[in-house]
Amino acid sequence: HKVFVGKMEYPAHPYTVHVSKLSKDTQDMDLVDAFRQEFGAIVHAKIIREKCTGNRGHHYHGESKCSGLVQFEERMSVEQALQKDGEFEVGGKRIKIQRSHMPAVGLVPSGMHRVNPKGEGKISKRNQLKKGS
């Protein structure tokens, strides 16, 4: 399979799909959750963001470009995902699914992991045990 970017032609990455028409507040983990349930094991998933420049510090993540990459473990998952183009929803929005020429490296970038809600972390549980005894 080939993918066109402008007038350039690239070989399609066998395990990766490009998703677009995402909402601005879709996070990397939302992609993982949605696609893993429907199509199986995922190697990487990431939202494509604006480049981070300026003095906002290294933890600032640029504005979402409303598209992302999802890399699967199986080729069949890619085919299944492509068949759901225009029908599949993430965060309440129907999304566009196409082949991609780029791998989606890094499952979730550092600093973007979901954190346990307050009171459900390891330390909180340990403190409750201490109070209870």
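Computed from a prediction, not measured in an experiment: that's the story for all the values here.

A few words now on the pattern of salt bridges. For the structure shown, the criterion picks out 5 salt bridges. Where Lys24 meets Glu63, a salt bridge forms, and the shortest distance between an N and an O atom there is 4.0 Å. Taken together, the residues Lys24 in the loop between β3 (16-20) and α1 (28-39) and Glu63 in the loop between β4 (42-49) and β5 (64-72) connect sequence positions 39 residues apart. Among the ionic pairs, Glu38 bridges to Lys84, the shortest N-O distance being 3.5 Å. With Glu38 in helix α1 and Lys84 in the loop between α2 (75-83) and β6 (89-90), this pair connects stretches of sequence that are 46 residues apart. For Lys84, a relative accessible area of 29% gives the class partly exposed.

Let's shift gears to the packing of aromatic side chains. Taken as a whole and assessed by the stated rule, the structure comprises 5 aromatic pairs. Here the aromatic rings of Phe39 and Phe88 are separated by 5.1 Å at their centres, their planes lie at 55 degrees, and the arrangement is tilted. Taken together, the residues Phe39 in helix α1 and Phe88 in the loop between α2 and β6 connect sequence positions 49 residues apart. Exposure remark for Phe39: the relative accessible area of 4% places this residue in the buried category. Grouped by ring-pair contacts, the aromatic residues Phe35, Phe39, Phe72 and Phe88 constitute a single cluster.

So, about the sheet that holds β5. One open sheet accounts for 4 strands, arranged β4-β5-β3-β8; its pairing is antiparallel. In this open sheet, the two strands that pair with only one neighbour each are β4 and β8 (96-99). Each adjacent strand pair in this sheet contributes to an overall mean axis angle of 25 degrees, direction not counted. Alignment of β4 against β5, held across 7 bridges, turns out to be antiparallel. If you follow Ile47 over to β5, its bridge partner there is Gly68. Across the face of the sheet, α1 comes into contact with β3, β4, β5 and β8 while running at roughly 140 degrees to β4. Relative to the sheet, α2 contacts β3, β5 and β8, its axis offset from that of β8 by approximately 140 degrees.

If you look at the biggest cluster of nonpolar residues, it comprises 21 residues, and the most contacted ones within it are Val17, Leu31, Phe35, Phe72 and Ile97. Secondary-structure elements contributing two or more residues to this core are β3, α1, β4, β5 and α2. The element best represented in this core is α1, accounting for 6 residues. Beyond its immediate stretch of four places on either side in the chain, Val17 contacts Gly68, Leu69, Val70, Phe72, Val78, Ala81, Leu82, Ile97, Gln98 and Ser100.

We now examine the confidence of the model for the protein. Detailed conclusions should not be drawn from predicted coordinates in areas where pLDDT is low. Averaged over all residues, the pLDDT of the protein is 81; the fraction at 70 or higher stands at 80%. Least confident of the elements in the protein is helix α3 (residues 122-132), whose mean pLDDT is 76; most confident is β8, at 94.

To continue, consider the pairing of β5. Extensive coverage of β5 is indicated by the burial of 8 of its 9 residues. Pairing between β3 and β5: 5 bridges, direction antiparallel. The partner of Val19 across the bridge, within β5, is Gly68.

What counts and how
Residues numbered from 1 in each chain as written. Predicted model: local features only at pLDDT ≥ 70, side-chain atom pairs only at ≥ 80, totals over all residues. Heavy atoms only, no water. Salt bridge = Lys/Arg side-chain N within 4 Å of Asp/Glu carboxyl O. Helix = DSSP H or I, 4+ residues; strand = E, 2+ residues; numbered from the N terminus. Buried < 20%, exposed > 50% of the residue type's maximum accessible area, 1.4 Å probe, protein only. Phe/Tyr/Trp six-rings, centres within 6.5 Å; stacked < 30°, edge-to-face > 60°. Pairing = 2+ DSSP bridges. Axes fitted to C-alpha atoms, helices over the stretch in contact; angles between N-to-C directions. Contact = heavy atoms within 4.5 Å. Core = buried A, V, L, I, M, F, W, Y, C linked by side-chain atoms within 4.5 Å. pLDDT = per-residue confidence, 0-100.

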